[in-house]
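# Close look at the chain arrangement
So the chains spell out like this:
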Amino acid sequence: DPESAMAPPKVVYSPEVSRALTAGTPLVALESTILCHGMPYPANVSTALEVEHIIRSNGAVPATIALIGGVPHVGLTKEEINMLGREGHKVRKVSRRDLAFVMASGVHGATTVSATMVLAHLAGIKVFVTGGIGGVHRGVAQTWDISTDLKELGKTPVCVVCAGVKSILDIPKTLEYLETEGVPVMTYKQDDFPSFFTASSGVKSPMRVETAQAAASVAQVQIAMGLGGALVAVPIPPEHQADAVEVERAISQCLREAETQGVTGNKITPFILQGVKEITKGKSLEANIKLVKNNALVGAQIATHVGSLSLKSKL
């Protein structure tokens, strides 16, 4: 009947996330694309579990988000993480555009930044940690390829913590687009915006924050004013930087190969990351794992401050 057709989607919360929501414990959302499409098995599963552990060790509760049999899950069990990690590329990549289709089809889905933000907001989670966000692709004038992550940040009230934007993208245009969308872009403890594998992209960040508390305050005001999301870019620690020149060279080579082979759309990033990993003999994968863990540490600290600020505003 029409009534049930309009019912809000069923969301399954893990017991740990349910307890945290009831108790008001700070929560940190995590995406599942990195698990299914970002890393090979079993490194993907061990990284996902280690990232969850870091968040717990820093006073927050992790909520990894995915679609299982078409049903949104906020918080996954170890078994579910392992299952998705094993299935890997067989699991459909889900952005905002794909959510309705995958839910209606009843299949598994790995949420990207945009879909994770949608479901985190639905669950009332204000902070979300990822590796890097999508952006404006190089050659955008020909392709019109702009990640939906950027529009999502403009409208969905979630603070996203990342290591900047992968240098396979056009970073100045990405920052320009975020400005158009009204998204505060803060870089943690440095002036330059980071480019994922390397701490500095050579492009100045619009804003700089010195502490997790400062970032949380900005995100809190942005959300309270109904202005949409906020972005915190955390540079990869210098000791974990992949050799910048080597990675840049590998990216250029893979971009040329992608063009030659006609790789387009959401297949580009996995294609390039895989190629870069092979050319840099795994150095880029190592850097990827390290930066996600570092983002988790900072993200958990931001979440605890956002939590305490919410509490203060209620008193």
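Quick look at the structure, then. (Residues numbered from 1 in each chain as written. Predicted model: local features only at pLDDT ≥ 70, side-chain atom pairs only at ≥ 80, totals over all residues. Heavy atoms only, no water.)

### Let's talk about the packing of aromatic side chains
Considering all chains together, one arrives at 1 aromatic pair under this definition. Each ring, one from Phe196 and one from Phe197, has its centre 4.7 Å from the other, and the planes form 75°; the classification is edge-to-face. Both residues of the pair, Phe196 and Phe197, belong to the buried class. The ring of Phe196 has Lys166 sitting right over it, with the charged end atom 4.5 Å from the ring centre. (Phe/Tyr/Trp six-rings, centres within 6.5 Å; stacked < 30°, edge-to-face > 60°. Buried < 20%, exposed > 50% of the residue type's maximum accessible area, 1.4 Å probe, protein only. Lys NZ or Arg CZ within 6 Å of the ring centre and 35° of its normal.)

### Some words on the nonpolar core
Ile133, Leu178, Leu231 and Ile302 are the most contacted members of the largest nonpolar core, which totals 84 residues. In terms of residue count, helix H14 (residues 283-314) provides more of this core than any other element does, 9 residues in total. Ignoring anything within four residues of it in the chain, the contact list for Leu231 reads Ile133, Leu153, Val160, Cys162, Leu178, Val183, Pro184, Val185, Met186 and Phe193. Of all hydrophobic cores here, the second largest spans 11 residues; its members include Leu35, Val45, Ile81 and Ala110. (Core = buried A, V, L, I, M, F, W, Y, C linked by side-chain atoms within 4.5 Å. Helix = DSSP H or I, 4+ residues; strand = E, 2+ residues; numbered from the N terminus. Contact = heavy atoms within 4.5 Å.)

### As for the pattern of salt bridges
Using the criterion set out here, one finds 11 salt bridges in the structure. Across the pair Arg97 and Asp98 runs a salt bridge whose closest N-O atoms are separated by 3.1 Å. In this structure, Lys151 engages Glu181 in a salt bridge whose closest nitrogen and oxygen atoms are separated by 3.2 Å. Pair noted here: Lys151 is in helix H9 (residues 148-155) and Glu181 is in the loop between helix H10 (171-180) and strand E9 (185-188), with a separation of 30 residues, a long-range link. A residue is classified by how much of its surface remains accessible, and Lys151, at 40% relative accessible area, is partly exposed. Glu181 sits in the buried class, given a relative accessible area of 19%. If you follow the salt bridges from partner to partner, you end up with Glu16, Glu52 and Arg56 in one network. (Salt bridge = Lys/Arg side-chain N within 4 Å of Asp/Glu carboxyl O.)

### With respect to the state of the cysteines
Taken as a whole and assessed by the stated rule, the structure comprises 0 disulfides. For the unlinked cysteine Cys162, the closest cysteine sulfur is that of Cys159, found at 9.5 Å. Given the relative accessible area of 0%, Cys162 is considered buried. (Disulfide = S-S within 2.5 Å.)

### What to know about the side chain of Thr174
As for its position among the elements, Thr174 is in helix H10. A relative accessible area of 1% places Thr174 in the buried class. Within the structure, the side chain of Thr174 is placed 2.9 Å from the backbone nitrogen of Val136, a separation counted as a polar contact. Ignoring anything within four residues of it in the chain, the contact list for Thr174 reads Gly134, Gly135, Val136, Leu150 and Val165. (Polar contact = N/O pair within 3.5 Å; in protein donor to acceptor, adjacent residues only side chain to side chain.)

### A look at unusual backbone geometry
Cis geometry marks the peptide bond from Tyr41 to Pro42, where omega comes out at 5°. Position of Pro42 among the secondary structure elements: in the loop between helix H3 (33-38) and helix H4 (43-57). Phi is positive for Phe196, which is not a glycine, with a value near 65°. Structurally, Phe196 can be placed in the loop between strand E10 (192-195) and strand E11 (198-204). Judged by its relative accessible area of 2%, Phe196 is buried. Its identity is not glycine, yet Lys281 carries a phi of approximately 50°, on the positive side. If you trace the backbone, Lys281 turns up in the loop between helix H13 (268-279) and H14.

### Some remarks on the packing of helix H7 (residues 113-123) against H9
Axis separation between H7 and H9 bottoms out at 8 Å; the angle between their running directions is 25°. Here H7 lies roughly parallel to H9, going by the angle between them. Along its contact with H7, which presents Val113, Ser114, Met117 and Val118, the element H9 presents Thr148, Asp149, Glu152 and Leu153. Grouping the amino acids of the contact of H7 with H9 by side-chain chemistry returns 4 nonpolar, 2 polar and 2 charged. (Axes fitted to C-alpha atoms, helices over the stretch in contact; angles between N-to-C directions. Parallel < 35°, antiparallel > 145°, perpendicular 65-115°, else oblique. Nonpolar A, V, L, I, M, F, W, Y, C, P; charged D, E, K, R; others polar.)

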